[in-house]
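# Inside the fold
Next come the chains, spelled out residue by residue.
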Amino acid sequence: MNHGAGDAIRSDADAERSRASARLETTIGEVLRFGTIASSTMFAIGLLMMIAKYQTAVAQLLLDGGLIILLATPPARVMVSVIEYVRERDWAFVVLTFIVLLALAGSVVAAYF
Amino acid sequence: MRSPLDPEYRLNTTRCQNFVPRAKRNYSFEGMLKGITAGLSQPPNTGSIGRLLTSTLAFVIFSAGAVAGGLGVALGLGGGIFLVPFLTLVLGFPLKSAAAISLATVIATSSAVTAQRAGSQLVNLRFGMLLEVATTAGSLLGGITAQFVAESTLQRLFGVVAIAVAAVMLGRINRRNVILDTTIDPGRLGGRFYEEESGGVVTYRVKRLPIAVFASFIAGNVSSLLGIGGGIIKVPVLNAWCGMPLRAAAATSALMIGVTATGGAIIYFGRGDLQPLLAAPAVLGVQAGSLVGGRLAYGASVKWLKLLMAALLVIVAVLMFLRSTQ
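We now turn to the structure provided with this report. Just so you know, these numbers come straight off a predicted model, no measurement behind them.

Calculation criteria
Residues numbered from 1 in each chain as written. Chains lettered and ligands numbered in written order. Predicted model: local features only at pLDDT ≥ 70, side-chain atom pairs only at ≥ 80, totals over all residues. Helix = DSSP H or I, 4+ residues; strand = E, 2+ residues; numbered from the N terminus. Buried ≥ 20, exposed ≤ 12 C-beta atoms within 10 Å, placed from the backbone. Contact = placed C-beta atoms within 7 Å. Nonpolar A, V, L, I, M, F, W, Y, C, P; charged D, E, K, R; others polar.

## Some remarks on the overall build of chain A
When helices and strands are tallied, chain A shows three helices and zero strands. Starting at the N terminus, the α and β elements of chain A follow one another as α-α-α. For chain A, the residues scored as buried account for 34% of the 113 residues in total. In chain A, the share of contacts with a sequence separation of at least 24, taken over all contacts with a separation of at least 6, comes to 46%.

Following this line, the structure appears as structure tokens:
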């Protein structure tokens, strides 16, 4: 963010918040990239094995694992956000992020009980 | 039994005949089909799916995902609004399992797109996190109600949403990006990002927060009921009423739909409506389609694309209404 005239009038607090936000964005990007690549790779290999009828038990495991990683990626992103907001001592957002995690936990409860 | 809409009909009776005996040996596949049609009193088109073998069905779902994902990227929508009608109307899946498969593709798209955009500061993490409280609450409620609502009610609801999406698309047919003054203070929820076209920093403040929260709740609810991302509801609202530039609204919505869809998808998965064998080709197809669609979108006339899609959505809505009265 070294562009434009608006930067000159920024306060230090604003700059610090912007740095923290950029840091969080990078970490989140890494988490999401890992989840996408891992789940897609497992899906692709599992599906090809399933079609070739080669080791279908392993294929099923890969497909299940891929789906679970896919479903776990967004909650992992939310957890990374909690950690960052705790570091920033931004308690309002720590609480908000926790509520999102609680709602996701609520889905698990609704799914299995 | 065989719907004239069913492109697999011809495929099935001509080229793929020699594969049919192999399909019968695939026990996991037959068990899966029993699973997805168990909830229906009269499974439509099961005959035609039943005769398709794993590789053909996987290929058909992959292709449908690719087309839906490609169109989705070109229009700034998720692929769900096209994938769900294909799975229900053409392949005869119950809406619940079509929605579940589509939600898996929504999560994949959200993660992939946001990973790609990381560092651009287009995504407003704080505002997104705040609105996610509303979307996940909505999706949790939607996921629970989907278990109790009749198939025909879901089909009618999908019809209504498809009409609404078509109307929004036509209404925004000539809409351009909003660019704001760079000197204002973004406030606690606003944001700033570098915009390539204008070569400057765009700053915006968030206005009318209650409207944004309410729209997010509805988007989350509809998302897990129907298997769409919900961006089509949030993005226009955030852009038109809440002061967010279109690109920031779309990027923030793309981040949010992952968590929103997860809330619904977990419920479908736990209830056995989300089959990995069906989700995998759909997810891979949508990923492939959005890679290609992103490139093609540059050359295409978005205006004609929007008109075409609006017409297609109206047809989808009519077919959904017809199916719901059967």
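Further notes follow.
## Concerning the overall build of chain B
From N to C terminus, chain B includes 14 helices and two strands. Per-residue burial for chain B yields a buried fraction of 56% across its 326 residues. Counting contacts in chain B only where the partners sit at least 6 residues apart, residues at least 24 apart contribute 80% of the total.

## Overview of unusual backbone geometry
Residues and elements named next belong to chain A. The phi angle at Gln55 is positive, at roughly 50°, despite the residue not being glycine. Mapped onto the elements of the fold, Gln55 is located in the loop between α1 (12-51) and α2 (56-87). On the basis of neighbour counts, which here come to 13 C-beta atoms within 10 Å, the residue Gln55 falls in the partly exposed class. Of note, Arg89 is a non-glycine position whose phi angle comes to about 55°, a positive value. Positionally, Arg89 belongs in the loop between α2 and α3 (91-112). Accessibility expressed as a C-beta count within 10 Å gives 8 for Arg89, which makes it exposed.

## As for the interface of chain B and chain A
Between chain B and chain A, the residue contacts involve 50 residues of the former and 50 residues of the latter. Broken down by class, the residue content of the side of chain B that touches chain A amounts to 29 nonpolar, 18 polar and three charged.

## Some details on helix α11 (residues 231-240) of chain B
Residue and element names in this part refer to chain B. Of all 10 residues in α11, eight are buried; the element is thus mostly enclosed. All of the buried residues in α11 are Gly231, Ile232, Ile233, Lys234, Val235, Val237, Leu238 and Asn239. Looking at the packing, one finds that the buried side of α11 touches α6 (80-90), α9 (151-171), α10 (209-226) and α12 (246-270).

## A few points about the environment of Ala22(A)
Residue and element names in this part refer to chain A. On the secondary structure map, Ala22 appears in helix α1. Ala22 sits in the partly exposed class, given 15 other C-beta atoms within 10 Å. Sequence separation of Ala22 and Val95 is 73 residues, and the distance between their C-alpha atoms is 21 Å.

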